[in-house]
Amino acid sequence: DTAVSQTPKYLVTQMGNDKSIKCEQNLGHDTMYWYKQDSKKFLKIMFSYNNKELIINETVPNRFSPKSPDKAHLNLHINSLELGDSAVYFCASSRGGLAGGQNTQYFGPGTRLTVL
Amino acid sequence: LAKTTQPISMDSYEGQEVNITCSHNNIATNDYITWYQQFPSQGPRFIIQGYKTKVTNEVASLFIPADRKSSTLSLPRVSLSDTAVYYCLVGDNNNDMRFGAGTRLTVKP
């Protein structure tokens, strides 16, 4: 069983469209994250949720809206897609927020979004 | 937030030991040091975590001097499949840790 799964793996769409990326973890973790990795390979955190509550909201355009229906799912909805949104988006989860005691992040396989 | 500095890239040959050093001069008392590995087209994967002295697991060793201002990830006898980007993160909370540019390790035959 895949610990952290994302769908779709690839997403190609036109500018101006609205799209969603889904993420699910079956690890029983309380905290989930969304990261964006651009063409220069920098991995930047976008959002963090703990038990369905928003913890981190970095300087991300409000066209990006995360939604957590339960603590096993954190979906990312993007409105009015722009060319600069093209990137690989990774979902991750961890048992909690604290970093110690092997409480590390488990990443999904990524969703490659291409905006034409 | 403690920042980290790593070499941008390193080259090695199969069978060699590789040491990647990370500087974190502003590390705080409660901060842990965590290393992740990322292969092309995959998400980062946890390798090792430590607080002080030395930690070893089946994949790597992590050496942390007494002042904790740096750490060294040691990969014994690398193979071609160890070619990846290695990230050093410092923090006491996953929400505060930030990925830097990482070190791109290329293992050659």
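Placed above this text is the structure.
All values derive from a computational prediction rather than experimental measurement. (Residues numbered from 1 in each chain as written. Chains lettered and ligands numbered in written order. Predicted model: local features only at pLDDT ≥ 70, side-chain atom pairs only at ≥ 80, totals over all residues. Heavy atoms only, no water.)

### Some details on the overall build of chain B
The condition that has to hold: Where helices and strands are cited, they refer to DSSP runs of H or I of at least four residues and of E of at least two residues respectively, numbered from the N terminus. Radius of gyration: over C-alpha atoms. The globule rule applied is 2.2 Å multiplied by the number of residues raised to the 0.38 power. Summary of the burial criterion: residues with accessible area below 20% of their type's maximum are buried, those above 50% are exposed, and those between are partly exposed, where the area comes from a 1.4 Å probe applied to protein chains only. For the purpose of counting charges, residues Lys and Arg are taken to be positive, whereas Asp and Glu are taken to be negative. His and the chain ends are not included. The location of each charge is read from NZ of Lys, CZ of Arg, CG of Asp or CD of Glu.
For chain B, the helix and strand inventory stands at zero helices and nine strands. When the elements of chain B are put in sequence order from the N terminus, they spell out β-β-β-β-β-β-β-β-β. Relative to a compact globule of 109 residues, whose C-alpha radius of gyration would be 13 Å, chain B shows 13 Å and is just as compact. Taken along its principal axes, the extent of the C-alpha atoms in chain B is 40 × 30 × 20 Å. In chain B, which comprises 109 residues, the share counted as buried stands at 45%. Separation between the mean location of the 10 positive side-chain charges and that of the 9 negative ones in chain B comes to 2 Å.

### Observations regarding the overall build of chain A
For the record, the criterion: Contact definition: two residues touch when any of their heavy atoms are within 4.5 Å.
Assigned secondary structure in chain A consists of zero helices and eleven strands. On C-alpha atoms alone, chain A measures out to a radius of gyration of 14 Å, which is about the 13 Å that the 2.2 N^0.38 rule sets for 116 residues. Here the C-alpha coordinates of chain A stretch approximately 45 × 30 × 30 Å along the principal axes. Here chain A, with 116 residues, has 46% of them falling under the buried criterion. A sequence separation of at least 24 residues applies to 56% of the contacts in chain A between residues at least 6 apart.

### Topic: the sheet that holds strand β3 (residues 32–38) of chain B
All names here are of chain B. To keep things clear, this is the line we draw: A strand pair is defined by DSSP finding two or more bridges across the two strands. Only C-alpha atoms enter the line fits that serve as axes; for helices the fit covers just the stretch in contact. Angles between N-to-C directions range over 0 to 180 degrees.
Sheet architecture is open: five strands sit in the order β1-β9-β8-β3-β4, paired in mixed fashion. Either end of the sheet is taken by a strand with one partner, and the two such strands are β1 (9–13) and β4 (45–50). When strand polarity is set aside, the average angle formed by the axes of neighbouring strands in this sheet is 25°. The sheet contact formed by strand β8 (residues 84–91) and strand β9 (residues 103–108) spans three bridges and is antiparallel. Across the sheet, the residue bridging to A84 is L105, located in β9.

### What about the state of the cysteines?
Just so we agree on the cut-off: Note on terminology: disulfide denotes any pair of cysteine sulfur atoms within 2.5 Å.
Tallying each qualifying case throughout the model produces two disulfides over all chains. For A:C23, the disulfide goes to A:C91, at an S-S distance of 1.8 Å. Across the S-S bond of A:C23 and A:C91 the torsion is about -75°, and the bridge reads as left-handed. In this pair, A:C23 is assigned in strand β3 (residues 19–25) and A:C91 in strand β9 (residues 87–94), connecting sequence segments 68 residues apart. A:C91 carries the same exposure label as A:C23, and that label is buried. Two residues, B:C22 and B:C88, share a disulfide whose sulfurs are 2.2 Å apart. On the S-S bond that ties B:C22 to B:C88, the torsion sits near -80°, and the link is left-handed. Pair noted here: B:C22 is in strand β2 (residues 18–23) and B:C88 is in strand β8, with a separation of 66 residues, a long-range link.

### Describing the pattern of salt bridges
It is possible for side chains of opposite charge to pair when their charged atoms get near one another. Selection criterion: Here a salt bridge means any side-chain nitrogen of Lys or Arg lying within 4 Å of a carboxyl oxygen belonging to Asp or Glu.
Taken as a whole, this structure holds four salt bridges over all chains when the rule is applied. Among the salt bridges present, the one from A:K71 reaches A:D30, with a minimum N-O distance of 2.7 Å. Residue A:K71 is located in the loop between β7 (64–70) and β8 (73–78), and its partner A:D30 is located in the loop between β3 and β4 (31–37); the two are separated by 41 residues in the primary sequence. With its nearest N and O atoms 3.4 Å apart, the salt bridge here joins B:D11 to B:K108. Separated by 97 residues along the polypeptide, B:D11 in strand β1 and B:K108 in strand β9 bring together distant segments of the chain. Several salt bridges share partner residues, and in doing so they unite A:R63, A:E82 and A:D85 into one network.

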